[in-house]
Amino acid sequence: MFRAFLLILVFWTTVASGKQMTWLLSDAHHMPYFDGQGNGYIEVLAQALASEGWRIDLVQLPRTRVESTMLTQQADLIAITNPNWVDDRSKMLFSDAYIHQPMAMVSLPMPPITSFDQLADKRVIEFAGYFYKEPYRSAERLSTVYIYRPEQGYRMLLADRADVLLLDSLILDYQRSVDHRLAPLIKHDLLVSSDSVHFGIASDHPERDLMLEAINRVIANNNMQDWMHQFDLPSN
């Protein structure tokens, strides 16, 4: 069924009848969300459900295959998604959000960015597919480049091929805590409102209510922002 999968990770204890889920993740998602060894936040949620008797299969696929695979019910849920990221939101239902994190503006050392007007002479990097809200959305920029992986943005900043990267603050904090090469990067206090992050399931899935109820319960009991404190994250 998943002939082109990159990785399957299974969490389970004694499985009650019908208590099984397959979660899909894009191969672009890494720590702090997922590392394939049980250390990421999505894996923490899987372990919490496994302790309740669920079998959870985590399957990582190329980004372009994730939504279609779920909608054809070759898997149950997408573990990292948002209504703005899918092709047809009418075909999906979403869990409670587990991240409401605004996007940080990241750069090499420079004077603080305190107004979006200051971006008019900046080369800005954005994540493809994200919806950025006003007033950032209508602010002028010298140029905009779209990426799919944080590493692409880091390389561009460090090589002086861009000035500002918009990035999930949690990802930056985690990666700066484990990769000394990112130590020079700073976060500006001015934040950009963007998308929250959810699980997504097909609206016609026969067990959608049962699965979403279980996921919402473990999200409520395992707050991601609180979980991130274990990494002793630097603020700047």
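Now for a look at the structure at hand. (Residues numbered from 1 in each chain as written. Predicted model: local features only at pLDDT ≥ 70, side-chain atom pairs only at ≥ 80, totals over all residues. Heavy atoms only, no water.)

### What to know about the packing of aromatic side chains
Logical step 1: Taken as a whole and judged by the stated rule, the model has nine aromatic pairs.
Logical step 2: With a centroid separation of 5.8 Å and an interplanar angle of 70°, the aromatic rings of Phe116 and Tyr136 are classed as edge-to-face. Of this pair, Phe116 sits in the loop between strand E6 (103-107) and strand E7 (123-127) while Tyr136 is found in the loop between E7 and strand E8 (143-147), placing the two residues 20 residues apart along the sequence. The same class applies to Phe116 as to Tyr136, namely buried.
Logical step 3: Note on Tyr130 and Tyr132: the rings are 6.2 Å apart at their centroids and 20° apart in plane angle, and the pair reads as stacked.
Logical step 4: Overall, the relative accessible area of 24% leaves Tyr130 in the partly exposed class.
Logical step 5: Taking NZ or CZ as reference, Arg63 lies 3.9 Å from the ring centre of Tyr148, over its face. (Phe/Tyr/Trp six-rings, centres within 6.5 Å; stacked < 30°, edge-to-face > 60°. Helix = DSSP H or I, 4+ residues; strand = E, 2+ residues; numbered from the N terminus. Buried < 20%, exposed > 50% of the residue type's maximum accessible area, 1.4 Å probe, protein only. Lys NZ or Arg CZ within 6 Å of the ring centre and 35° of its normal.)

### Details of helix H1 (residues 41-50)
Logical step 1: Among the 10 residues of H1, nine are classified as buried, and the element is accordingly described as predominantly covered.
Logical step 2: Among all positions in H1, only Tyr41, Ile42, Glu43, Val44, Leu45, Ala46, Ala48, Leu49 and Ala50 are buried.

### A word on the sheet that holds strand E10 (residues 186-192)
Logical step 1: An order of E8-E7-E9-E6-E10 is seen for the five strands of this open sheet, with the pairing classed as mixed. Both edges of this open sheet fall to E8 and E10, since each of them pairs with a single strand only. For this sheet the average axis-to-axis angle between neighbouring strands, irrespective of direction, equals 30°.
Logical step 2: Strand direction decides the pairing type here: E6 and strand E9 (residues 164-168), joined by four bridges, are antiparallel. If you follow Val106 over to E9, its bridge partner there is Leu165.
Logical step 3: Contacting E6, E7, E8 and E9, helix H3 (residues 150-158) runs over the sheet at an angle of about 155° to E9.
Logical step 4: Along the sheet, helix H4 (residues 169-178) makes contact with E6, E9 and E10, crossing E9 at roughly 100°. (Pairing = 2+ DSSP bridges. Axes fitted to C-alpha atoms, helices over the stretch in contact; angles between N-to-C directions. Contact = heavy atoms within 4.5 Å.)

### Examining the pattern of salt bridges
Logical step 1: Scanning the entire structure with this criterion turns up 11 salt bridges.
Logical step 2: When the shortest N-O distance is used, the salt bridge between Asp27 and Arg149 registers 3.8 Å. Placement of Asp27 in the loop between strand E2 (20-26) and H1 and of Arg149 in the loop between E8 and H3 is noted, with a sequence separation of 122 residues between them.
Logical step 3: A salt bridge links Arg123 to Asp160; the nearest nitrogen and oxygen atoms lie 3.1 Å apart. Of this pair, Arg123 sits in strand E7 while Asp160 sits in the loop between H3 and E9, and the two are 37 residues apart along the sequence.
Logical step 4: Through salt bridges with shared partners, one network takes in Glu52, Glu213 and Arg217. (Salt bridge = Lys/Arg side-chain N within 4 Å of Asp/Glu carboxyl O.)

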